[in-house]
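What follows is each chain in one-letter form.
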Number of protein chains: 4
Amino acid sequence: MRAAIIGGTGYGAIELIRLINKHPHLEVGCVVSNSQAGNDISESYPHLTEIINQPFEKYDADRLAKENDIVFLATPSGVSSKMAPELVDKGIKVIDLSGDFRLRSQNEYETWYKHSAPGEEYLSKAVYGLSEIYEEEIKRATFIANPGCYPTATSLGLLPILKANLADSKSIIVDAKSGVSGAGRGLSLTAHYAEINENVKAYKLGAHQHIPEIEQVLKDESGRLVTITFTTHLVPMTRGIMITAYVNLLGKISTSEVNALYKQFYENHPFVRIRPEGIYPSTKEVSGSNYCDIGLHVDQRTNRLTVISVIDNLVKGAAGQAIQNANLMNGWAVSTGLEDISLYP
Amino acid sequence: MRAAIIGGTGYGAIELIRLINKHPHLEVGCVVSNSQAGNDISESYPHLTEIINQPFEKYDADRLAKENDIVFLATPSGVSSKMAPELVDKGIKVIDLSGDFRLRSQNEYETWYKHSAPGEEYLSKAVYGLSEIYEEEIKRATFIANPGCYPTATSLGLLPILKANLADSKSIIVDAKSGVSGAGRGLSLTAHYAEINENVKAYKLGAHQHIPEIEQVLKDESGRLVTITFTTHLVPMTRGIMITAYVNLLGKISTSEVNALYKQFYENHPFVRIRPEGIYPSTKEVSGSNYCDIGLHVDQRTNRLTVISVIDNLVKGAAGQAIQNANLMNGWAVSTGLEDISLYP
Amino acid sequence: MRAAIIGGTGYGAIELIRLINKHPHLEVGCVVSNSQAGNDISESYPHLTEIINQPFEKYDADRLAKENDIVFLATPSGVSSKMAPELVDKGIKVIDLSGDFRLRSQNEYETWYKHSAPGEEYLSKAVYGLSEIYEEEIKRATFIANPGCYPTATSLGLLPILKANLADSKSIIVDAKSGVSGAGRGLSLTAHYAEINENVKAYKLGAHQHIPEIEQVLKDESGRLVTITFTTHLVPMTRGIMITAYVNLLGKISTSEVNALYKQFYENHPFVRIRPEGIYPSTKEVSGSNYCDIGLHVDQRTNRLTVISVIDNLVKGAAGQAIQNANLMNGWAVSTGLEDISLYP
Amino acid sequence: MRAAIIGGTGYGAIELIRLINKHPHLEVGCVVSNSQAGNDISESYPHLTEIINQPFEKYDADRLAKENDIVFLATPSGVSSKMAPELVDKGIKVIDLSGDFRLRSQNEYETWYKHSAPGEEYLSKAVYGLSEIYEEEIKRATFIANPGCYPTATSLGLLPILKANLADSKSIIVDAKSGVSGAGRGLSLTAHYAEINENVKAYKLGAHQHIPEIEQVLKDESGRLVTITFTTHLVPMTRGIMITAYVNLLGKISTSEVNALYKQFYENHPFVRIRPEGIYPSTKEVSGSNYCDIGLHVDQRTNRLTVISVIDNLVKGAAGQAIQNANLMNGWAVSTGLEDISLYP
C-alpha cells in the first residue's frame, strides 16, 4: 500500500518516512513539498541517503489520489484545511496531522487558531484519532484528525480517573514540558540553539490551541464540563513530552487502587504502560517508540492525584499514532510496524 | 573579612568561592574538605588555577573560629547539624546552606529527613535566611539557616498573593523543574550524563524534604495553614530552577492588578524582578546571577493564578543568597558583590 | 536462534536487546548480570516494560551454552578474557564486544590495557569483526572480537586511501569526538552530568587503548607500518562518534577522485555511505542506525586529505556491528534486522 | 568613560554590555541597533531588566563620537568596514569585533570573505588586537581589529612553540570545536535546536575565513611561511571553543620541557594559564571568563606536539578581549573588570 506524505520537509513527515519504511504493509509513495519540489529528499535529509531515492513532488490532488492508497497530511494548520477536503472527496484515505479537523466547533477553532475554520461538512466527517479511545470509530473511518501531541499525553493520562467518576472535573491542572522538536523545523528565536539550550521557558499561558482539544475529549468521555488550566514549557531536549497533571479526587482512594484502575483501563492497549507504585516514567524511556507511559501518585495530605504521562512527541504524539490509526483503518494489528523498543539511552 | 567554607568539594562551595572572590569586603579563608585535605583546591577545580592558591584543610573548629570571621557550611544535611552548634558556640557568624536548621519542628525534620534532628536550642537560634522576607531578623542574626533552592523560588513567587489574602491556601500546586547541578557533585545514576541528557524525570513525588520548609514559610507569613502539592522534575540542563505554581483566587482580579501587587511587594528588593503582563521569565535569564524573576498570569476561564518564578539554583538558591545574608548581617548594601548581569546566552 | 547477553546492565547489552528484539532470526535468550541476578530486567530498564519479561541471570557457562545458540559478551575488558575461552570451548558461537581479543600481541595488550592478556590460543582463534573488511573470515568464524567504536569509524574512514597507496602512512592524525554513552553506565565524575554538559574535554592523549587496535588494522591492510597520533574528546551528547582524520597525500588527487575511490571501495557494503563532494556527515545523521557515513575533502593548499567519519557508537560501534557479524556468521543477509533509518532529529 | 556598542542585538554586544557594566572605568553609552531603534534593550534581552534602562538607538556617527569615548563595533563583516572609517576619522577610539580589518591584504580579504575589502588606509591604521602578543602596539592604538575566536585560541596555543623554532611550520593541523553561540543570533538551520542538539557537525572545510587570519599571525611572529589545515566543528553547547592543534616537532623535546617553555612565554600574561603535564583544560573551565587555558602533550611515538587550547568564544574570543584591549589602550591594568572566575559548573 502506497502512502503519500504532504509537508515533506517538516519533522512530522520525516518521522512518517522512518516509520513507513519499516512497516510491512506500507511503502513510501509521493512525498510532497512545494518549496523543495524536484530536489532529492536526501539532499534536505542526508540521513535518508541510499534509502529514500526520490525527489520531493509538487502538490497535485489528482495524481496523489491516483498513485497512492493513503495520504498523510503533515502540513501546518490552515494548510490542511485547504487540501484535506479535495483529497477526501476523491475517495482516498486521509490522515491529517494538523489541528484543522480536531475541534468540532468552528467557533472554538477560530477563537484559538485565529484563522478561518474548515467547513462543517468535513469537520463532521473527520474522526478524532486518539487510537486507544476511539478504536472502533477509527476502524470505520476514511478521514482521521490525528490528535495533537499534548492532547495525546494528557487525555490518555486523565481519562481513566475521569471516566471512573473519581475526579473533580473543575480542578484539573496540566503542567506540560516539551522537547524543542515540537516547534517544528521552521526557524524562530524560540528554537534557536543558544536561546533554548540550558533553559526552561514557559509559553502561551492560557492561550495554547491544544486547550479546547483536550477539553473536548475529556468532556466527551466524562460527560461533564471540563475546564483546565494548561501551561506549556519548552525544555532543552529534542524529543519527548511529559505532562504532569493534578486532579482533586472525589473520595478516598489509594495509589495502588488508582494503579489497578489504570491497568485495567488499558488492558488491551499495548502502547499504554502503567508504571508500578512509586515509579514514574521519564521521557527518554519512550524516545523513538509509540508508547505512552504513565505513573501515578495519590498525595494523602491533599487528596490529590498526580499523573505523569510521557510520549515521544514525534511518534505517539504525531507520526506513530498516525501509523497506528492507519493500522486500525486497514484492519491490521494495531502495533504493526510500531513494535520498536525505544532508543535508550 | 575572612570567610571559611566547609564542604569544599561540592558545587555550593565552589560557587561561594566564585562569589566571595569578587566581593569587596570578603576574602576566601579556610576551605575545608576532610576527604581532600592537603590537596590543592585547583587540582579538584582547575578553573581556579592561579586564582585560589591554597589547599583544602581538615575540619578544626577552633582554628576555623580563630582565623575566620564568618563560616559558610556547604555540607550535607546531617553533617551541618554536627558542626554548626560548636561553631555558633565559639561566637563566629555561621551561615548553613544545608536543610538542618530550617524546620523549627524536630518532629517534622525527622519525618522528612529520615535522620535525627539538631537540638532545640540551636534550631531556635537559627534565623531562616529568605533575605527579602526576613531582612530585619537577618540583620540581627549570627546564625542563618539558608533556604533551600525550591523554597526560595516558591516562597518568593507565592508570598505576595498569599499575604494579600487573595489566594485559596489549600489549592496551591507547585510544579518545579530543576537543572541537574541541584543533585550535587556526588555520583548517582540520576545525575549520570547518558541517563538525564535528553530526558525529563519526575522524582520524590509527595516526599521531597522541601515541602515542609515551603509550608512553614507560607504558613508563618499568611497566618493560615498551607498544604501544598509539590512535584519536582529534573530537566537536562546544569543550572536553573523554574517553579510553576497554581493558585485558586479568592475573588476576581486581573493579571495587571496582580502584577502591580507583586511590583509593590518587591519595590525595595533589587533581586526580585516582575515581568510585564504576557511575558514570562526563563531560567537562562537569571543564570549566574542572584535574581529571582517572576511572571504572572490570571486565567479568567478558571480564575486561577499561574506564577512562573525562576532562579539560578546555585546562586539565589544557595551561595548567592548566603552572600546576600552575609551582607545583611554585616550592614553592607544588600547587593554588594552580587551585581553581576546573568551570563546570557 | 536464542542469543544470550552477558554484562546485561550496561549500555552495550541494552542496545543488543533492542536490536535482537527486532531481528527476524534472533530472540533474546539469557541475560546475565551477576550483580542484578534475580531482578527483572525492566526494573533496571523501565523502557523494556512489557517487552522483555525476564530476570537477569547468574553467569553459568554450561547453562548458557546449552540454552542459547550464540553469546554476546558485553562485559568489560579483563572480564571477557575469563569467560570467552570456556564458552568457545563449549562450542557455542561467541561475539565479544570488549577489547580483550582484538590485539594479536599479548605484549601490546598488556602495555595498553594494564592487565594480563588472554592466552595465545584464544587470541589466535578470535576473528577481528570489522564487518566490511573481514567479511569472508567472519563468515567462517565462531569467535569474534568485535571492534572498538573509535577503531570502527577510523579504520573505515582510512582504509580506502591507505590501500590505494595514496597516503603517507606516517602522517596520520585522528581527532576523535565521542558522545558520553561511550563511557558506559558505570558512575564517574567524567560522565557526571554537570561536569560534561556544556563542555568539551580531551582525555587519554597518546594513551588510549584503541591506538594499537587501529594501527594493527591499518598495518595489516596497508602492509606498511602505521603510527598514528590519536586524540579523543568527550562532547556533550549521548550517542555518536565523529572522527576527523588528516592524511598527507602522496601525489595530487582531487576531492572528486577520492570520492570515487571511496564509493567504489564500499560499493557492496550497504552500511558505509559516502557523502557527495562538499557535504560532510554529522553524527545525528546515523543516530540509532548501523551506518558509517563518510565525507572527504582534499585541501589543495596543503595536499592533505581530511576524512570525516561518523557512527553511532552503540550501534555500528558496538551492538549493531555485533549483529552484523552474527548475520555473516549465520549466512543471513548482512543487513538483516539492521535496516532502520536513523532517528532524526 | 562612556562606551558605545554598535550591533546591539547580537551576542557579542550583549556580552559587551555584561562586561562594561561591571567595569570600574567604563559605562554603557549608546547601544545602536537600526532594526530595533526606539525599543527598550530589555525587551529583546529580559535578563537586562532594571539593569540597562535605555532604548536601542539609530546609527548616527556624529552623535556617537560626541557622546561616547570609545566605540565597540559588534557588527558583521561588511558592515564594520562601512562604519569604522568615519568613526576613526572623527577621532573616537574604535574597537572592531568583526573580521573586516584583520587581514592586511585586500586581496586575501576578498578571496576569503567574498565581498569588497576596506580601503588600504584604514587597514594599515588598524592594530591587530591579540592582547598578549601585540600589547605594546595596542597601548598606542586608537583603532583595533579585535581577533576572531578561532584565531585567538589557535594563535595563543601555537605561538610559543613556533617562536622557539621547534615546530615544523608546514605540518600544522588545527581541529577546532565550537559552541553554537559562535554562529550568532541570526536564525539558520545550522543553529536550529533540533538540528544541532545531540549532534557534532563539521563545516566549511578548507574554506573558513579565519584561516588567513591565523596564518598571518603565525607567519608574522615566526618569520616563516605557515600553511595550516583547519577544520571547524559545531558541538552541542552554547559557549566555548577548543582547538586541538597538531605540530611535528623539530628535534626531541619532552612534554615537561614544552610546558616550561609555555609557562615562561606567558609569564606576565594573567589570562593564559598552562595546565601541568598530563592535565588538559576543558571548555567549561573558562566559561564566562577571559582565560585561555592550554594543555600540552608530546607524543614520543610520533614526535608530535598536541596543543589543547580553550577559551570562551564570547569572552576571550570576542567581548572580553575587546575590553582587555580597551584596558591597554587606556593605560589601565590589563585585567581591569575581567577578574571573574568562570561559571563552573
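Residues numbered from 1 in each chain as written. Chains lettered and ligands numbered in written order. Predicted model: local features only at pLDDT ≥ 70, side-chain atom pairs only at ≥ 80, totals over all residues. Heavy atoms only, no water.

### A few points about the relation of the copies chain C and chain A
Just so we agree on the cut-off: To line up the copies, we fit them by least squares on C-alpha atoms, keeping just the residues with pLDDT of at least 70 in both. In what follows, a contact means two residues having at least one pair of non-hydrogen atoms within 4.5 Å.
It takes a turn of 180 degrees to lay chain C on chain A, together with a shift of 0.0 Å along the axis; the resulting RMSD is 0.0 Å. These values place the two chain copies in the arrangement generated by a two-fold rotation axis. An overlap of 100% is found between the interface residues of chain C and their copies at the interface of chain A, pointing to a shared contact surface.

### Considering the relation of the copies chain A and chain B
Rotating chain A by 180 degrees and translating it 0.0 Å along the rotation axis places it on chain B, where the RMSD comes to 0.0 Å. A share of 100% of the interface residues of chain A reappears at the interface of chain B, consistent with the copies meeting face to face through the same patch.

### Thoughts on the interface of chain C and chain A
Test applied: The term buried area denotes the loss of accessible surface (1.4 Å probe radius) that occurs when two parts are joined, taken as the sum for both partners. When a carboxyl oxygen of Asp or Glu is within 4 Å of a side-chain nitrogen of Lys or Arg, the pair counts as a salt bridge. Secondary structure follows DSSP: runs of H or I at least 4 residues long count as helices, runs of E at least 2 residues long count as strands, and numbering of each begins at the N terminus. Residues are grouped as follows: Ala, Val, Leu, Ile, Met, Phe, Trp, Tyr, Cys and Pro are nonpolar; Asp, Glu, Lys and Arg are charged; all remaining types, including Gly, are polar.
Counting from both sides, the interface comprises 39 residues of chain C and, opposite them, 39 residues of chain A. When chain C packs against chain A, the two sides together hide about 3,000 Å² of surface, and 60% of this comes from carbon and sulfur. Summed over the shared surface of chain C and chain A, the result is two salt bridges. Asp340 of chain C is the salt-bridge partner of Lys22 of chain A, the closest N and O atoms lying 3.1 Å from each other. No other element matches the six residues that helix H1 (residues 11-21) of chain C contributes to the side of chain C that touches chain A. Residue composition of the side of chain C that touches chain A, by class: 16 nonpolar, nine polar and 14 charged.

### A word on the domain arrangement of chain A
Residues and elements named next belong to chain A. Which entries qualify depends on this criterion: Domain start and end points were adopted from an automatic or database domain assignment. The definition of a polar contact used here is a pair of N or O atoms within 3.5 Å, where within protein one atom must be able to donate a hydrogen and the other to accept one, and adjacent residues in sequence count solely through side-chain atom pairs.
One can read the domain layout of chain A as domain 1 (2-125) and domain 2 (150-313). If you average the C-alpha positions of domain 1 and of domain 2, the two centres end up 27 Å apart. The interface is formed by 12 residues belonging to domain 1 together with 15 residues belonging to domain 2. Buried area between domain 1 and domain 2, summed over both chains or domains, comes out near 1,200 Å², and the portion from carbon and sulfur atoms is 49%. Three residues stand out in domain 1 for area buried against domain 2, namely Tyr11, Arg102 and Trp112, and they jointly supply 47% of the buried area on that side. Between domain 1 and domain 2 we count three salt bridges in total. Among the ionic pairs, Glu15 bridges to Arg239, the shortest N-O distance being 2.8 Å. Our count for the domain 1 to domain 2 interface comes out at seven residue pairs in polar contact (both at pLDDT 80 or more). Elements with a contribution of two residues or more to the side of domain 1 that touches domain 2: helix H1 (11-21) and helix H5 (106-113). Its residues assigned to classes, the side of domain 1 that touches domain 2 comprises five nonpolar, two polar and five charged.

### Structural notes on the pattern of salt bridges
Spelled out, the test is: Throughout this description, buried means an accessible area under 20% of the type-specific maximum (1.4 Å probe, protein chains only), exposed means over 50%, and partly exposed covers the range between.
All told, the structure shown has 84 salt bridges over all chains when counted by the stated rule. Between Glu195 of chain D and Arg185 of chain A there is a salt bridge; the shortest N-O distance is 2.9 Å. You can see Glu195 of chain D sitting in helix H9 (residues 193-196) and its partner Arg185 of chain A sitting in the loop between strand E7 (173-178) and helix H9 (193-196), one on each of two chains. A residue is classified by how much of its surface remains accessible, and Glu195 of chain D, at 7% relative accessible area, is buried. The class of Arg185 of chain A is buried, set by a relative accessible area of 17%. Among the salt bridges present, the one from Asp293 of chain B reaches Arg275 of chain B, with a minimum N-O distance of 2.7 Å. Remark: Arg275 of chain B occurs in the loop between strand E11 (272-274) and strand E12 (292-299) and Asp293 of chain B occurs in strand E12; sequence separation between them is 18 residues. Linked by salt bridges that have partners in common, Glu15, Arg18, Arg239 and Asp312 of chain A make up one network.

### Let's talk about the pairing of strand E2 (residues 27-32) of chain D
Residues and elements named next belong to chain D. Note the cut-off: The pairing criterion for strands is at least two bridges between them, as found by DSSP.
The buried count for E2 comes to five of six residues, which makes it a mostly enclosed element. Strand direction decides the pairing type here: strand E1 (residues 2-6) and E2, joined by four bridges, are parallel. Note on E2: the bridge partner recorded for Ile6 is Val32.

### Description of a nonpolar patch on the surface
Convention followed: Like charges are joined within 9 Å and nonpolar side chains (Val, Leu, Ile, Met, Phe, Trp, Tyr) within 5 Å, but only among residues with over 30% relative accessible area and no salt bridge; these make up the patches. Computed with a 1.4 Å probe, the accessible areas rest on the Shrake-Rupley method; for each residue, only the protein chains presented here act as cover.
Residues Leu187 and Leu189 of chain A together with Leu187 and Leu189 of chain D make up a contiguous nonpolar surface patch of about 310 Å² in total accessible area. With respect to the helices, strands and loops of the structure, Leu187 of chain D is situated in the loop between strand E7 (173-178) and H9.

### Considerations on the packing of helix H8 (residues 149-163) of chain B against helix H11 (residues 255-265) of chain B
Residue and element names in this part refer to chain B. Heads up, the rule is: All axes are obtained by fitting lines to C-alpha atoms, using only the stretch in contact for helices, and the reported angles, taken between N-to-C directions, cover 0 to 180 degrees. Should an angle fall under 35 degrees it is called roughly parallel, over 145 degrees roughly antiparallel, and 65 to 115 degrees roughly perpendicular, with every other angle called oblique.
The geometry of H8 relative to H11 is characterised by a closest axis approach of 10 Å and an angle of 110 degrees between their N-to-C directions. Relative to H11, the element H8 lies roughly perpendicular. Taking contact as the criterion, the partners of Leu156, Gly157, Leu158, Leu159, Pro160, Ile161 and Lys163 in H8 are, on H11, Val258, Leu261, Tyr262 and Phe265. For the contact of H8 with H11, the per-class residue count stands at nine nonpolar, one polar and one charged.

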